[in-house]
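# Secondary and tertiary structure notes
What follows is the residue order along each chain.
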Amino acid sequence: VLAVHPSNPAKNMKEFIANGKTKSFTYGSAGAGTAPQIHAEYFFNHVAKVKYVHVPFQGGAPAITAALGNHVDSIVLTLPPVAPQIRNGKLRGLGVSSDKRNSAIPDVPTYGEMGYPNFYSGSWVGVFAPAKTPDAVVAKLNSEINALMKEPDSLERLKKAGFDGMSKSVSESDAFFKSEIGTWGKMVKAVGFSN
């Protein structure tokens, strides 16, 4: 999520990016080389083409504190630690980089809704097993995890933490993981973190 202090003159992503075309801004992240920093570098430099300065922090909490104190112009972080600050109005969410809005902050539009339809860099949590795990065991684990992901209590807990539940078959999970390697590999190379 890209978020700003409520005093920031940009009321939405379009205004924030328009301001960044004429004047450099700062953005805080949880540190150099983190997924949100890779996302931000790629988005600001290769998609939005704005002027910016990265301010790396030692984790998400210090970056959020800096944004709350209005010491950086914006932050780009994974959603869970920022969602409560957006919900209570202490920060303004300008955009989520997922393919759909997040149920924890449903009023914050996606980057696609804000004019960047081909940009996606969501974060997710998956469960992996060793490569030599028997197919039957993997199928059983997948079935049990997907059943848990459909329980209302599980979904509510995830939502409160800033996650939308996702269930996939083993083959769907494999395809999703491979597509994420491609997406993130492209960004990592473009920002110069890999050859």
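I will try to describe carefully the structure that is included in this document. Given the structure is predicted, the values throughout are model-derived calculations rather than measurements.

### Structural notes on the side chain of Asn-102
Note on placement: Asn-102 falls in the loop between β5 (92–95) and α5 (135–148). A distance of 2.7 Å separates a polar atom in the side chain of Asn-102 from the backbone nitrogen of Ala-104. Not counting residues up to four positions away in its chain, the partners in contact with Asn-102 are Leu-79, Gly-162, Phe-163 and Asp-164.

### Notes on the packing of helix α2 (residues 35–48) against helix α7 (residues 170–190)
The relative placement of two packed helices comes down to the angle between their axes together with the axis-to-axis distance. The geometry of α2 relative to α7 is characterised by a closest axis approach of 9 Å and an angle of 65 degrees between their N-to-C directions. Overall, the two elements α2 and α7 adopt an arrangement that is roughly perpendicular. Seen from above, α2 lies across α7 with left-handed handedness. Packed against α2, whose contacting residues are Ala-35, Ile-38, His-39, Tyr-42 and His-46, the element α7 presents Trp-184, Lys-186, Met-187, Val-188 and Ala-190 at the interface. For the contact of α2 with α7, a count of residues per class yields seven nonpolar, two polar and one charged.

### A short note on the layout of surface pockets
Empty space within the largest pocket amounts to approximately 1,600 Å³. Lining the largest pocket are 50 residues, and of these Trp-124, Val-125, Gly-126, Met-166 and Phe-176 sit closest to its centre. Within the residue set of the lining of the largest pocket, elements represented by two or more residues are α2, α4 (79–87), α5 and α7. Of the residues in the lining of the largest pocket, the class split is 28 nonpolar, 16 polar and six charged.

### Overview of the side chain of Glu-41
Note on placement: Glu-41 falls in helix α2. Buried charge without a partner: Glu-41 forms no salt bridge, and the closest opposite charge is Lys-49, 14 Å away. Not counting residues up to four positions away in its chain, the partners in contact with Glu-41 are Tyr-27, His-46, Tyr-52, His-54 and Val-191.

### Details of the pairing of strand β2 (residues 25–29)
β2 sits mainly inside the fold: four of its five residues count as buried. Across five bridges, the pairing between β2 and strand β3 (residues 52–56) is parallel. Paired with Phe-25 across the two strands is Tyr-52, which belongs to β3. A crossover links β2 with its parallel partner β3, the connecting element being α2, and its sense is right-handed. For β2 and strand β4 (residues 74–76), the ladder comprises two bridges, and the chain directions are parallel. Residue Tyr-27 lies in a different strand from β4, and its bridge partner there is Ser-74.

### Remarks on the pattern of salt bridges
Enumeration over the complete set of coordinates arrives at four salt bridges. Residues Glu-113 and Arg-101 are paired through a salt bridge, measuring 2.9 Å at the closest nitrogen-oxygen approach. With Glu-113 in the loop between β5 and α5 and Arg-101 in the loop between β5 and α5, the pair connects residues that are 12 residues apart, well separated along the chain. Relative accessible area serves as the criterion here: at 42%, Glu-113 is assigned to the partly exposed category. Ionic pairing is found between Asp-174 and Lys-178, a salt bridge with its closest N-O pair at 3.1 Å. Residue Asp-174 and its partner Lys-178 are both found in helix α7; the two are separated by four residues, about one turn of the helix.

### Description of α4
Within the span of α4, buried status applies to Leu-79, Val-82, Ala-83, Gln-85 and Ile-86. Where α4 is buried, its residues meet β1 (2–4), α3 (60–68), β4 and β5. Trailing α4 by a residue or two, Gly-89 shows a phi angle of about 80 degrees, which is positive.

The rules we used
Residues numbered from 1 in each chain as written. Predicted model: local features only at pLDDT ≥ 70, side-chain atom pairs only at ≥ 80, totals over all residues. Heavy atoms only, no water. Helix = DSSP H or I, 4+ residues; strand = E, 2+ residues; numbered from the N terminus. Polar contact = N/O pair within 3.5 Å; in protein donor to acceptor, adjacent residues only side chain to side chain. Contact = heavy atoms within 4.5 Å. Axes fitted to C-alpha atoms, helices over the stretch in contact; angles between N-to-C directions. Parallel < 35°, antiparallel > 145°, perpendicular 65-115°, else oblique. Left-handed = near helix turned anticlockwise from the far one by under 90°. Nonpolar A, V, L, I, M, F, W, Y, C, P; charged D, E, K, R; others polar. 1 Å grid on protein atoms, 1.4 Å probe; cavity = no way out; pocket = protein on both sides within 12 Å on 5 of 7 lines; lining within 4 Å. Points joined across faces, edges and corners; volume = space filled by probe spheres on them. Buried < 20%, exposed > 50% of the residue type's maximum accessible area, 1.4 Å probe, protein only. Lys, Arg positive; Asp, Glu negative; His and termini not counted. Salt bridge = Lys/Arg side-chain N within 4 Å of Asp/Glu carboxyl O. Pairing = 2+ DSSP bridges. Right-handed = clockwise from strand over helix to strand, strands pointing away.

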